[in-house]
Structure formats: structure tokens, C-alpha cells
Amino acid sequence: MTKRMRYIQLVGDALIPLLGYFLWDWNLYFIVLFYLADMIINEVVIFYKARKIAEFDPKENSFVPKFLISVLLFTISLLLIHLTMKLYEPEISFAKEITLFWTYKDMGMQQGYILIPLLVLLSVQRYKLEFLMTAKYRSIKQVRLWRSHYRAYLFLIGGVGLTMGILSFVHPADWIILLGVIAGTSTYQIVFSE
């Protein structure tokens, strides 16, 4: 991917949470759910990337244990993110917020039926354009793919831990947390995307 395309993607990825917060009245947890949905989709995509590498090079067929480690890191991240949200907003009801996120209506349609398929479509297109059409699976080894993916999770866990530490002392405004989340995810994409 060219630098120009990378910047366009970063702006696009930051635009939805910003629009959600400032235009569609999303709360902070709605934005977290948006990013979590993207993380789940990326877990599926990395599985397909690893499988495609294994199809091309049979010596690279031991990707299932690595994927299970990835799922474990995702689960740890998910738990820490929710603990941080509870620390920031003690009265939050996650089940209620997830339902509200899914059923939130804009222009007469519930956003869950638009947003999630859109995220899936964008991820599938990115996988096809950046991984399959460029035949990246021929040049990348699974060690490199998984190492980058694990480092991204460690970066995320560290960022969430830092946020938990900050929230133990101060309670910043939602928009400050939002900007921190967008800055963190942008850094994550620049440094760790494969």
C-alpha cells in the first residue's frame, strides 16, 4: 500500500468515530464497540491470511496454535477494555449499551445492520487488494505475520493499561479519551499493519 493510500485509510478510519461522536451522538462505549467489531473482523482476516500462506507453502501449516494465542490476546484485551470502561463509567450496563449500539437508528435504519456488514466488506476488500492480488502470501512468512499481530496486541494492552492508570487519578472529558483512542488506533495501524 502506498503512503498516500495509507493516509487516506487512516483518515477514513478516524472519520467514523469522529462523526459518530460529534454528529450521531455516539457515547464513548459506542466508539469502543465500533473498534471491537473491527478487531473481531481482523481476527478472522488474519486466520485467512495464515491459512493462505500455509496453502502456498506447506511448511507453514502450523498456524492454528498461533491463532489460538491471538484469540487469547484478544480476550485479554477485551477484558481490560471493559474493566477500563467500568472504571471510567462505573454505572455502565454493557448489555444495554450493546443493544443500544446495534439498534441505534439513523435515517430510519438500525446502524448494526449497516455498520457491521460495511466493516466486513471493507476488511474483505482490503484482504483481497493488499494480500491476495499482490500475492503477499508468497513473500511473507507466518512468523513475521504473527509477530506483528502479537506486538499490536501488546501495544493495545499497554495502551489500555496506561489509560487505566490515568483514570485512577483523573477523569478526563469524553472527547479527550476519544482523541486518545483515535491517536492510539492510528499509531497501531501505522506501526503494526501487515
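Residues numbered from 1 in each chain as written. Predicted model: local features only at pLDDT ≥ 70, side-chain atom pairs only at ≥ 80, totals over all residues. Heavy atoms only, no water.

Draft legend 1. Local environment of the overall build of the protein chain. Within the protein chain one finds 7 helices and 2 strands. Reading the secondary structure of the protein chain in the N-to-C direction produces α-α-α-α-β-β-α-α-α. A compact globule built from 194 residues would reach a C-alpha radius of gyration of about 16 Å, and the protein chain, at 18 Å, matches this within 12%. Taken over the C-alpha atoms alone, the protein chain extends approximately 50 × 40 × 30 Å along its principal axes. In the protein chain, which comprises 194 residues, the proportion classed as buried is 37%. Across the protein chain, the fraction of contacts at a sequence separation of at least 24, relative to all contacts at a separation of at least 6, is 79%. As displayed, the protein chain offers around 11,400 Å² of accessible surface, 70% of which is attributable to carbon and sulfur atoms. For the protein chain, the separation between the mean place of its 19 positive charges and that of its 14 negative charges on side chains is 12 Å. (Helix = DSSP H or I, 4+ residues; strand = E, 2+ residues; numbered from the N terminus. Rg over C-alpha atoms; globule rule 2.2 N^0.38 Å. Buried < 20%, exposed > 50% of the residue type's maximum accessible area, 1.4 Å probe, protein only. Contact = heavy atoms within 4.5 Å. Areas by Shrake-Rupley, 256 points an atom, 1.4 Å probe, with all protein chains shown as cover. Lys, Arg positive; Asp, Glu negative; His and termini not counted. Charge placed at Lys NZ, Arg CZ, Asp CG, Glu CD.)

Draft legend 2. Main features of a nonpolar patch on the surface. A contiguous nonpolar patch, built from Phe22, Trp175, Ile176 and Leu179 and spanning about 430 Å² of accessible area, is present on the exposed surface. A residue is classified by how much of its surface remains accessible, and Leu179, at 43% relative accessible area, is partly exposed. (Patch = residues over 30% accessible without salt bridge, like charges linked within 9 Å, V, L, I, M, F, W, Y side chains within 5 Å. Salt bridge = Lys/Arg side-chain N within 4 Å of Asp/Glu carboxyl O.)

Draft legend 3. The arrangement of the side chain of Gln111 in detail. Considering the arrangement of structural elements, one finds Gln111 in the loop between strand S2 (109-110) and helix H5 (112-132). Within the local environment of Gln111, its side chain forms a polar contact with the side chain of Trp26, the two groups lying 3.1 Å apart. Apart from residues lying up to four places away in sequence, Gln111 is in contact with Trp26, Phe30, Phe101, Trp102, Tyr104 and Ile116. (Polar contact = N/O pair within 3.5 Å; in protein donor to acceptor, adjacent residues only side chain to side chain.)

Draft legend 4. Representation of the pattern of salt bridges. Enumeration according to the criterion identifies 3 salt bridges in this entry. Close ionic contact of Glu55 with Arg51 constitutes a salt bridge, the shortest N to O distance being 3.8 Å. Taken as a pair, Glu55 and Arg51 lie in helix H2 (residues 28-56) at a separation of 4 residues, close to a single helical turn. Among the ionic pairs, Asp57 bridges to Lys141, the shortest N-O distance being 3.3 Å. One end of the pair, Asp57, is in the loop between H2 and helix H3 (64-88); the other, Lys141, is in the loop between H5 and helix H6 (142-167), and 84 residues separate them in sequence. Beyond isolated ion pairs, a larger network of salt bridges with shared partners links Arg51, Lys52 and Glu55.

Draft legend 5. Spotlight on the environment of Phe169. Along the chain, Phe169 turns up in the loop between H6 and helix H7 (174-192). Sequence separation between Phe169 and Tyr88 is 81 residues, and the spatial gap between their C-alpha atoms is 11 Å.

Draft legend 6. Structural view of the environment of Ser186. Mapped onto the secondary structure, Ser186 falls in helix H7. Classification of Ser186 by relative accessible area gives buried; the value is 18%. On a C-alpha basis, the gap between Ser186 and Phe169 in space is 25 Å, while along the polypeptide they are 17 residues apart.

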